[in-house]
Amino acid sequence: MNNATCKRNHILSVQRKLPLGKWCVLTTFSVSQASGQYRPTSHPYKIMISDETVITNSDLIQDSIFLSLARYEDIIDGNFKTNFLIGNTFICYGKIVRLEPVQTVQVKGQDRKKVQFRLVDANGKDLACCLWGKYAEQLEAYVECEQPLIYLIRFAKISFYRGEVKITNAFDASIVYLDPTMEEALQFKEKLGEDELPLAVIEKKNEDDWNKLEIKMILELFVSNHVENCKIICSTEAVDTDWAWFYFGHKGCKHRAIKLASNHDDNQLWRCEKRQVKITEVIPVFKLHLIVRDDTETCKLMLLNTVAKTIVGREVVDLWDGSYDEIEDPELLPEPIRA
């Protein structure tokens with residue numbers, strides 16, 4: 001076995017013994033000075049693992065997270081080096097505001113999901129965030145959420161876009177927590193409940209900004225290679241009945257609820273996809289799929305709860321027949337939707 005193969009096998013062995021997010025005990029290792037322009041942390045030293053290093057499991061509770069929170073002010077003021085993954089454990093957390101719909105964009109010829117939002121800390125400071133790939137997918141179910149959502153991200157990167165500091169995931173190395181349960185997060189949520197959290201002063205777009213957006217033809221959207229806000233003027237050809245026009249969501253947060261088997265003795269049970277808890281109260285939520293056309297092409301649009309309500313002009317509960325059974329014939333649509 002040559003040296004390259006031995007080295008590769010050693011690396012694979014270490015990766016198996018040191019899975020991401022797990023606490024371990026290391027004995028017999030060396031410490032050397034950290035060098036190089038791009039490094040995972042700003043620490044001046046690094047641990048060197050050799051063939052003699054022994055890796056064993058730690059008695060520490062595996063869910064333990066020791067936070068070293070980065071201050072929003074330091075990030076905004078540029079006090080962190082952009083070629084380091086910020087902090088040794090974790091960059092920042094806060095309440096998600098202005099969560100935009102998840103987009104699918106072309107990156108080097110491949111489809112990738114992307115989501116943008118802003119994080120607000122306990123002092124009302126806010127940061128722009130942009131997540132890609134699996135991290136964007138994690139937030140896909142929360143776009144229609146009406147409850148405060150706390151977000152924590154470890155091992156992130158700073159980037160600059162159009163003169164603004166933006167937080168993004170460090171490829172696949174980042175770890176994110178939605179509604180974490182550690183003490184700091186619970187205290188933060190208490191402040192939200194007590195209305196002690198200052199409102200973030202976020203620049204609001206003027207109502208006239210919508211009128212300033214460029215009108216695009218649908219065909220132009222198909223050949224576009226970058227993300228932008230625009231308008232299309234189109235007519236509705238049909239409702240795409242391959243999909244139901246609504247789903248059942250948790251009454252509290254409106255996230256999708258899955259119907260569970262029932263013994264008919266108790267109330268029907270459901271499981272909230274967001275909180276993974278059993279619930280009994282669900283409501284119908286709009287998720288309307290339309291096929292639209294302009295003079296150049298056709299495309300499909302998905303209208304979620306609030307947008308669909310504006311277009312249809314009726315509350316979803318007013319159009320629902322009251323049945324919790326699966327829709328047998330999706331071609332049978334309420335008159336206001338057909339109209």
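Residues numbered from 1 in each chain as written. Predicted model: local features only at pLDDT ≥ 70, side-chain atom pairs only at ≥ 80, totals over all residues. Heavy atoms only, no water.

> Got a sec to walk through unusual backbone geometry? Specific residues and values, please.
Phi is positive for Thr28, which is not a glycine, with a value near 60°. Tracing the chain through its elements places Thr28 in the loop between strand 1 (24–27) and strand 2 (30–33). Relative accessible area serves as the criterion here: at 46%, Thr28 is assigned to the partly exposed category. Non-glycine residue Asp179 carries a positive phi angle of around 50°. Mapped onto the fold, Asp179 is located in the loop between strand 12 (175–178) and helix 4 (183–193). (Helix = DSSP H or I, 4+ residues; strand = E, 2+ residues; numbered from the N terminus. Buried < 20%, exposed > 50% of the residue type's maximum accessible area, 1.4 Å probe, protein only.)

> Help me get a handle on a nonpolar patch on the surface, residues and values and all.
Taken together, Phe29, Val31, Tyr45 and Ile47 make up a surface patch of nonpolar side chains, about 420 Å² in accessible area. Tracing the backbone through its elements, the reader meets Val31 in strand 2. Owing to a relative accessible area of 52%, Val31 belongs among the exposed residues under this scheme. (Patch = residues over 30% accessible without salt bridge, like charges linked within 9 Å, V, L, I, M, F, W, Y side chains within 5 Å. Areas by Shrake-Rupley, 256 points an atom, 1.4 Å probe, with all protein chains shown as cover. Salt bridge = Lys/Arg side-chain N within 4 Å of Asp/Glu carboxyl O.)

> Pulling in residues and values, what's your account of the sheet that holds strand 16 (residues 270–272)?
Strand order in the open sheet made by the three strands is 15-16-17, with antiparallel pairing throughout. The open sheet has two free edges, formed respectively by strand 15 (257–259) and strand 17 (278–279), since each of these has just one partner strand. Where strand 16 and strand 17 come together, two bridges link them in antiparallel fashion. Residue pairing for strand 17: Arg271 is matched across the bridge by Lys278. (Pairing = 2+ DSSP bridges.)

> Mind laying out the pairing of strand 11 (residues 164–169), listing which residues take part and the relevant values?
The buried count for strand 11 comes to five of six residues, which makes it a mostly enclosed element. Judged from the three bridges that link them, strand 8 (residues 126–132) and strand 11 form a sheet pairing that is parallel. Paired with Ala128 across the bridge in strand 11 is Lys166.

> Kindly report on the pattern of salt bridges, identifying the contributing residues and their values.
With the rule as written, the count across this model stands at seven salt bridges. In this structure, Arg118 and Asp126 form a salt bridge, with 2.4 Å as the shortest nitrogen-oxygen distance.

> I'd like a description of the packing of aromatic side chains, backed by residues and values.
Per the stated rule, a full pass over the model turns up eight aromatic pairs. On the basis of an interplanar angle of 65° and a centroid distance of 4.6 Å, the ring pair of Trp245 and Phe246 is categorised as edge-to-face. Accessibility assignment for this pair places Trp245 and Phe246 in one class, buried. On the basis of an interplanar angle of 85° and a centroid distance of 5.3 Å, the ring pair of Phe246 and Phe248 is categorised as edge-to-face. For Phe246, a relative accessible area of 9% puts it in the buried group. Of the residues examined, Phe248 reaches a relative accessible area of 10% and is grouped as buried. Ring pairs connect the aromatic residues Trp245, Phe246, Phe248, Trp270, Phe286, Trp320 and Tyr324, which therefore count as one cluster. (Phe/Tyr/Trp six-rings, centres within 6.5 Å; stacked < 30°, edge-to-face > 60°.)

> Any chance you could break down the side chain of His250 for me, citing the residues and the numbers?
Along the polypeptide, His250 turns up in strand 14 (residues 246–250). Not counting residues within four places of it along the chain, the set of residues in contact with His250 comprises His255, Ala257, Cys272, Ile279 and Glu281. (Contact = heavy atoms within 4.5 Å.)

> Report on the pairing of strand 18 (residues 282–293), specifying residues and quantitative values.
As defined by bridge partners, strand 13 (residues 235–239) adjoins strand 18 across four bridges and the pair is classed as antiparallel. Counted as the bridge partner of Val239 is Leu290 from strand 18. Bridge analysis of strand 14 against strand 18 gives five bridges, and the strand direction is antiparallel. Across the sheet, Tyr247 pairs through a bridge with Val285, a residue of strand 18. As judged from the seven bridges shared by strand 18 and strand 19 (residues 298–304), these two strands associate in the antiparallel manner. Residue Ile291 lies in a different strand from strand 19, and its bridge partner there is Lys300. Counting the residues between successive antiparallel strands, the hairpin from strand 18 to strand 19 contains four residues.

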